[in-house]
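Fold and geometry: a report
Next come the chains, spelled out residue by residue.
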Amino acid sequence: MNELSERQIKILNVIIRTYMETGEPVGSRTISKASDLNLSSATIRNEMSDLEEMGYIIQPHTSAGRIPSDKGYRFYVDRLMLEKDQEVSQMKDFVIEKTEKLEQVLQTIAKLLATNTNYATVVSAPQTHRGKVKFIQLSIVETGKVLATIMLDGNIVKNRIIHCEEDLDQETMLKLNILLNGSLNGLTLEEINLATIAHLKEQAGIHSKVVSDVLDAVAEAVQADEELEIYTSGTTNIFKYPELSDSQSASDLISAFEEKQELQDLFAGEDGEPGTGIQVYIGDESPIQRMRDCSVVTATYELGDGIHGTVGIVGPKRMDYKMVVDNLKTLKVQLDEVFNKKEE
């Protein structure tokens, strides 16, 4: 990388980005308009000649503009990955500090990938899929109101306000917390059966109504988590690619990004469960009909013990697959590492 000047790097970046957007050779006039170098076309042509001699760009036809060579693509991807590692490191610190604000993390991921790849991105929030109750904490908010904090697998936290007809003191709250955690910790919703409920109510005695309300809150929290939350970014990037920018294709794609059910299909395997690892869907392989003119690359991240979500990148069939896969691999490893550490 040291053999190129900063000016040459900027020119090469413009050539690569413009070529990936248009699929057409890039000339000096286009570069002068697309960059902030404030250089004459003659100066840009000289720099392009040097880049061609060094093997970073090639001229497919006489009097035509230049296109990136494999060496040029590799330079671009390697440089991008260095920047990516720094950004992921920053994101990692952000995740560790703000794990409770998972929505912000996922929105940051979607925006980061859209910016780095110049494609559209889709990120699904983690789902419990028969997740277990990890911890329950009841706290008095005010007279007649109790806050139930329910932690599920993956450190997913749900808060519910419970209205009580009776006044509860701190000693009673402590006893109820011990009772609930001793009976429910490690159980899935399906495992909280009638016998468990009956035992809890019997142990709670005069406070059985509070226990019943807490159980309802647990059920509500687990079921609500089964509704997939999806975050998108960079959807307008698709207009940069001619093969996707005609009115019908663009309309279909925008509609697909707005339909949560269709995006759920993108994140589900043949058996209806999310896939694992990195998956690449090209054209007709896409599970979403309205994305059949695109390529889609997805990666699954894990929060531990069956808690997982998916990150997807959508672009033209001529997308830079190497760059996209490298981005997703790096992000997947970092997210897995971060969340698994949080679990330990």
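Look a little higher up for the structure.
Note that the structure is predicted; figures quoted are calculated from it, not measured. (Residues numbered from 1 in each chain as written. Predicted model: local features only at pLDDT ≥ 70, side-chain atom pairs only at ≥ 80, totals over all residues. Heavy atoms only, no water.)

Some points on the packing of aromatic side chains
Applying the stated rule across the entire model yields two aromatic pairs. Seen in terms of ring centroids, Tyr 56 and Phe 75 are 5.6 Å apart; in terms of plane orientation they differ by 80°. Their pairing is edge-to-face. Of this pair, Tyr 56 sits in the loop between helix H3 (41–53) and strand S1 (57–58) while Phe 75 sits in helix H4 (residues 70–97), placing them 19 residues apart in sequence. On the accessibility criterion, Tyr 56 (3% relative accessible area) is buried. Among the residues examined, Phe 75 registers a relative accessible area of 5% and is labelled buried. Note on Tyr 119 and Tyr 241: the rings are 5.7 Å apart at their centroids and 40° apart in plane angle, and the pair reads as tilted. (Phe/Tyr/Trp six-rings, centres within 6.5 Å; stacked < 30°, edge-to-face > 60°. Helix = DSSP H or I, 4+ residues; strand = E, 2+ residues; numbered from the N terminus. Buried < 20%, exposed > 50% of the residue type's maximum accessible area, 1.4 Å probe, protein only.)

Quick notes on helix H9 (residues 247–258)
Between the first and last C-alpha of H9 there are 17 Å, a value that for twelve residues agrees with the 16 Å anticipated at 1.5 Å per step. Along H9, the residues classified as buried are Ser 249, Ala 250, Leu 253, Ala 256 and Phe 257. The arc that holds every buried residue of H9, seen down its axis, measures 125°, which confines them to one face. More than 90 degrees from the buried face of H9, the exposed residues found are Ser 247 and Glu 258. (Expected span 1.5 Å × (residues − 1). Arc of directions from axis to C-beta.)

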